[in-house]
Amino acid sequence: MAKKKKEKPEEEIEEIVEEEENDEDIESKEEKIDMVVVEDTEEQKLKKLATHGILLFNRWSFEGVEVKDLSLKNYINLDPVIIPHSGGKHQHKKFWKTEHISVVERFINKIMTPGLVGKRIKGRGSSHNMGKKQKIIKMVYNAFALVEYKTGENPIQVLVSAIENAAPREETTRISLGGISYQQAVDIAPQRRVDLAIKLIVQGTVGLAYNNIKTIDELLANELILGARNDANSRSIKRKDEMERVAISAR
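**Student:** Can you walk me through the layout of surface pockets in this structure?
**Tutor:** It is the rolling of a water-molecule-sized probe over the atoms that shows where space remains empty. Taken as a whole, the largest pocket encloses approximately 420 Å³ of empty space. Of all elements in the fold, only helix H3 (96–100), helix H4 (103–111) and helix H7 (190–209) reach the threshold of two or more residues within the lining of the largest pocket. For the lining of the largest pocket, the element with the highest residue contribution is H4, accounting for four residues. Tallied by class, residues from the lining of the largest pocket come to four nonpolar, six polar and eight charged.

**Student:** Is there a simple way to explain unusual backbone geometry in this structure?
**Tutor:** For residues other than glycine, phi is negative in most cases, and the peptide bonds are mostly trans. Even without glycine at this site, Phe 57 takes up a positive phi of about 55°. As for its position among the elements, Phe 57 is in the loop between strand E1 (55–56) and strand E2 (60–61). You will see that Asn 58, though not glycine, has its phi angle at about 55°, which is positive. Along the polypeptide, Asn 58 turns up in the loop between E1 and E2. What makes Asn 58 exposed here is its relative accessible area of 58%.

**Student:** Looking at this structure, how should I read the pattern of salt bridges?
**Tutor:** For the structure on display, the rule yields ten salt bridges. With a shortest N-O distance of 2.9 Å, Arg 251 and Glu 170 are connected by a salt bridge. Residue Arg 251 is found in the segment after helix H9 (235–249), and its partner Glu 170 is found in strand E3 (residues 170–177); the two are separated by 81 residues along the sequence. The exposure class assigned to Arg 251 is exposed, which follows from its relative accessible area of 65%. If you follow the salt bridges from partner to partner, you end up with Lys 97, Arg 106 and Asp 195 in one network.

**Student:** Teacher, can you tell me more about the pairing of E3 here?
**Tutor:** Here eight bridges tie E3 to strand E4 (residues 180–187), and the two strands are oriented antiparallel to one another. From the neighbouring strand, Glu 170 faces E4, where its bridge partner is Asp 187. Taken together, E3 and the strand that follows it, E4, pair antiparallel across an intervening segment of two residues, in which Gly 178 is found at a positive phi of about 60°.

**Student:** Whenever I open this one, the nonpolar core confuses me. Can you help?
**Tutor:** Grouped burial of nonpolar side chains is what soluble globular proteins tend to show. Grouped together as the largest cluster of nonpolar side chains are 44 residues, with contacts concentrated most on Ile 76, Phe 107, Ile 163 and Leu 224. Of all the elements, helix H5 (residues 133–151) adds the most residues to this core, at eight residues. What Phe 107 contacts, discounting residues up to four positions off in sequence, is Val 140, Leu 159, Ile 198, Ile 201, Val 202, Leu 220 and Leu 224.

**Student:** Please clarify how the packing of aromatic side chains should be interpreted in this entry.
**Tutor:** The geometry of an aromatic ring pair comes down to the distance between the two centres and the angle between the two planes. For the structure on display, the rule yields four aromatic pairs. An angle of 90° between the planes, with centres 5.4 Å apart, marks the rings of Phe 57 and Tyr 141 as edge-to-face. Note that Phe 57 is positioned in the loop between E1 and E2 and Tyr 141 in helix H5, a separation of 84 residues in sequence. Measuring from centroid to centroid gives 5.9 Å for Trp 60 and Phe 144, while their planes differ by 75°, and the two rings are edge-to-face. In this pair, Trp 60 is assigned in strand E2 and Phe 144 in helix H5, connecting sequence segments 84 residues apart.

About the thresholds
- Residues numbered from 1 in each chain as written.
- Predicted model: local features only at pLDDT ≥ 70, side-chain atom pairs only at ≥ 80, totals over all residues.
- Heavy atoms only, no water.
- 1 Å grid on protein atoms, 1.4 Å probe; cavity = no way out; pocket = protein on both sides within 12 Å on 5 of 7 lines; lining within 4 Å.
- Points joined across faces, edges and corners; volume = space filled by probe spheres on them.
- Helix = DSSP H or I, 4+ residues; strand = E, 2+ residues; numbered from the N terminus.
- Nonpolar A, V, L, I, M, F, W, Y, C, P; charged D, E, K, R; others polar.
- Buried < 20%, exposed > 50% of the residue type's maximum accessible area, 1.4 Å probe, protein only.
- Salt bridge = Lys/Arg side-chain N within 4 Å of Asp/Glu carboxyl O.
- Pairing = 2+ DSSP bridges.
- Core = buried A, V, L, I, M, F, W, Y, C linked by side-chain atoms within 4.5 Å.
- Contact = heavy atoms within 4.5 Å.
- Phe/Tyr/Trp six-rings, centres within 6.5 Å; stacked < 30°, edge-to-face > 60°.

This is the structure in structure tokens:
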């Protein structure tokens, strides 16, 4: 009887040990499952390795820059680049500017667009900067440096915030029926919202550059800062509010 009494605790101990081992196996399996979920795919790893350490102008990082407006998230390209110059590779391909061209380069290209701003001074029209991309890149670099000095923030994030705030959500279109034409309010597609926002920021800056003591670098930096803060003194914000106000009256 004494032997049987001794055997029972040993069996119970063995069962307890087996249960603990099973629990450990389950926990280890769960940990492995968690690790598999957390790990990136090979494409993501290659992309991270390829873009690791890439800074705009070797100064500003694209990491941490986010688009808060969900409707514009897929239309503002934030792929890391050192020099925003693609050489017009995607010029004749529809919608490739969204997928393959950085938003900084699109901003630079818009400043070079001829006919964007009306002629103010004889011999110095809106096509004065056409084709001078190196000059515009230096101008944008100086403006970004001023933005960083005045705000202490990443100028890429300031540019993205200014585009979000300056993007109109509604505009008017002309409809003609039987010789009668009238304005009708319409919603704006996300791609056009980004295009209009960049256009309004550039027009508000270049329009002030003529007969002004301040340089265009300072004016561009001030416009980006005011636009990022959604300030009513920003010319791009004023123009956006005006477009939406006209659209509301034309509903």
